[in-house]
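Coordinates in review
Okay, here's what each chain looks like letter by letter:
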Amino acid sequence: MDDEKSSPACVLAHMDVRRAWTRYLGPMSTQFEEGTTLDRFLLETMHAHPEARGQLVTLLKQVALAGKLVSARVNRAGLAGMFGATGSMNIQGEYVQKMDIYANEAFKRALEHAGVLCMMVSEEEDAPVRIPERFACGDYVFCMDPLDGSSNIDTNASIGTIFTIFRRRSPAGHGTPEDVLRPGTDIVAAGYIVYGAGTVLVLSTGLDAGVHGFTLDPAVGEFFLSHSDIRLDATTRTYSCNEAYAAQWDPRLRTWLDGLKAPELGWSARYIGSLVGDVHRNLVKGGLFLYPPTAKAPSGKLRVLYEAFPLAFLCEAAGGAATDGERRILEIVPTTIHQRTPLFLGNRDAVEAVLGALRG
Ligand code: AHM
Ligand code: MG
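The text that follows walks through the structure, step by step, so that each part is easy to find. Remember, predicted model here, so these are calculated numbers, not experimental data. (Residues numbered from 1 in each chain as written. Chains lettered and ligands numbered in written order. Predicted model: local features only at pLDDT ≥ 70, side-chain atom pairs only at ≥ 80, totals over all residues.)

1. Looking at the overall build of the protein
Spelled out, the test is: Segments assigned H or I by DSSP are reported as helices when at least four residues long, segments assigned E as strands when at least two residues long, and all are numbered from the N terminus. Neighbour counting defines burial: a residue surrounded by 20 or more other C-beta atoms within 10 Å of its own C-beta is buried, one with 12 or fewer is exposed, and intermediate counts give partly exposed, using backbone-placed C-beta atoms.
A tally of helices and strands in the protein yields ten helices and 16 strands. Considering the protein as a whole, with its 360 residues, one finds that 46% of them fall into the buried category.

Pasting the structure below:
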C-alpha cells in the first residue's frame, strides 16, 4: 500500500490536485487516500467567497445526493424493470422512458425542500416547477435535463443528468420568468453527472474557476475528486455528430466536414448519441461536438437552458468554445424555457473552423 502511495503515478496525481487547488483555492493537501470529497471541495470553494451564505453548497450537495440515487437505479435498471418507455410522450414530442420519470422525481424531491431554490425547470415538465408552499424559497434557479440520452439506457450506453444554476434576479418568493430567461453568461454553476462505466460528476462554479470531475465510490457512497482542472486537449482531432443527417445540413458545413476526412489530417469520429457521454469524452480527451440544424429540427435539437448552456459553460471553463453557428452559445437569451439551438462545441480552434466554414 505504501509503495502504491509513493508510486510516480500516484505522486503525480496528488501533485495535479494540489496544483489545481492552489490555483483556485489556495494550498491544500489531498484529504483521504481515496481523494478529496466533493463536500470538502464545495466548502473550500465557499470559503474562498466570504460573502457566500451556503445556499449554493447545500444545493450542490443535494444534486450529488440525487445523482447517487439515479446512479444506483441506472445500475439496477435491467433488474428493477426500469428499462423501456412509459408509452407517453412529453411536450417536446419525445417518448418518455421510465428512468426519465424516476430521475425527474429524484431531483425534484432532493432539491425542493432545501430552501435554496425559487424555481426549477426540467426537460420533463411543460412549465417551470413551483416550489411547494410548505417549503421556503431560496436564492437559486435550477434547470435540468434529468436523464439525457435516456433512449440509450436499454443498451448500457452512458447517459447523464445536465444542469444549469442561476442566482435569482427577482427579490424574494417564487421565481419569475426573468429569473430563468436570461443569457448563459449569468450562470453561477453548471455541470453534469454521467452514468457510465463509473458515475462522474463534472462541475464548474465559474468560467475562471476551472472544471473538476468527481467519481462516485459506490462502496463509500461519496464523490471523490478524480479529474482536477480538466482542460480540453487542443491536439485531439475527434468529431462527434450524427452524420446520417449530413444531407440535411448547410452544404458549407458538409463540405468542411468532408475535408476533414483527408487521411493526412488524422481526424477520427466518435458518436454515442448521448450528449452527456459524447461531451464528457470530448472534455476529457479533446474533440468537437456538432448538432447542426436539420430538416426535422431546423432550430437544432438540443435545448438552450439545460443542454447547450451548461455544456458550453463547462467547455469555455475548460479552455474551449461553443457556438450556435453565428453567436456564442452563452450570449443567447432564451425566450421560452424549452427553446432549442444548433450546437457546436469543443476545442476552440475546431469551433472557430466551423464558424469560418459557415461564413463561407
Ligand atoms: P433527449 O434529451 O431526449 O435524450 O435527446 C437529446 C439527445 C442527446 O443526448 C443526443 O446528443 C441527441 O439527442 C442525439 O440525437 P440524434 O439521435 O438525432 O443523433
Ligand atoms: Mg437531453
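2. Digging into the sheet that holds strand β12 (residues 288-291)
Rules: Strand pairing is defined by DSSP finding a minimum of two bridges between the two strands. The contact criterion used is a C-beta to C-beta distance within 7 Å, with each C-beta placed from the backbone. Lines fitted to C-alpha atoms define the axes here, with helix axes fitted over just the stretch in contact, and angles between the N-to-C directions of these axes take values from 0 to 180 degrees.
Taken in spatial order, the five strands of this open sheet run β11-β10-β12-β16-β14, and their pairing is mixed. Both outer strands of the open sheet, β11 (268-269) and β14 (321-323), are each paired with one neighbouring strand and no more. As defined by bridge partners, β14 adjoins strand β16 (residues 343-346) across three bridges and the pair is classed as antiparallel. The residue bridging A321 from the neighbouring strand is G346, located in β16. Against the sheet, helix α10 (residues 348-359) contacts β12, β14 and β16, and its axis sits at roughly 25° relative to β14.

3. Brief notes about the site of ligand 1
Applied cut-off: For each residue, a C-beta atom is placed from the backbone, and the residue counts as near a molecule or strand when that atom lies within 6 Å of it. Under the scheme applied here, ten amino acids are nonpolar (Ala, Val, Leu, Ile, Met, Phe, Trp, Tyr, Cys and Pro), four are charged (Asp, Glu, Lys and Arg), and all others, including Gly, are polar. Where each domain begins and ends follows an automated or database-derived domain assignment.
Near ligand 1, the surroundings consist of E94, E123, D145, D148, G149, S150, N242, G273, S274, L275 and K301. Across the shell around ligand 1, the residue classes break down as one nonpolar, five polar and five charged. Inspection of the shell around ligand 1 shows a minimum of three residues originating in each of domain 1 (34-227) and domain 2 (238-358).

4. Focus on the sheet that holds strand β7 (residues 199-204)
Taken in spatial order, the seven strands of this open sheet run β3-β4-β5-β6-β7-β8-β9, and their pairing is mixed. A strand with exactly one partner marks an edge of an open sheet, and here the two such strands are β3 (117-122) and β9 (222-227). On average, each strand axis in the sheet is tilted by 20° relative to the strand beside it, whichever way the strands run. Where strand β6 (residues 189-195) lies against β7, six bridges are found, and the strand directions are antiparallel. Its bridge partner being in β7, A190 is matched across the sheet by S204. Along the sheet face, helix α9 (residues 304-317) touches β3, β4 (140-148), β5 (159-167), β6 and β7 and points at about 85° away from the line of β5.

5. Some points on the environment of S226
Relative to the elements of secondary structure, S226 occurs in strand β9. When the C-alpha atoms of S226 and H212 are compared, they prove to be 7.9 Å apart, with 14 residues separating the residues in sequence. Residues in contact with S226, not counting those within four places in the same chain, are G35, G213, F214 and T215.

6. Here's the deal with the nonpolar core
Burial of nonpolar side chains together is a common tendency in soluble globular proteins. To be explicit about the condition: Nonpolar core, as used here: buried Ala, Val, Leu, Ile, Met, Phe, Trp, Tyr and Cys residues forming one set through C-beta atoms within 7 Å.
By size, the foremost hydrophobic cluster in this structure holds 93 residues, and its most contacted members are L117 and L345. Setting aside chain neighbours within four positions, we find L345 in contact with F289, L311, A312, C315, G320, A321, A322, I329 and V351.

7. Let's talk about the pairing of β12
Neither face of β12 is exposed, since L288 and L290 on one face and F289 and Y291 on the opposite face are all buried. In this sheet, β12 lies alongside strand β10 (residues 238-240) in parallel orientation, the contact comprising two bridges. Bridged to Y239 within β12 is L288. Both β12 and β16 contribute to a ladder of four bridges, which runs antiparallel. Residue pairing for β16: F289 is matched across the bridge by L345.

By themselves these figures say nothing about function.
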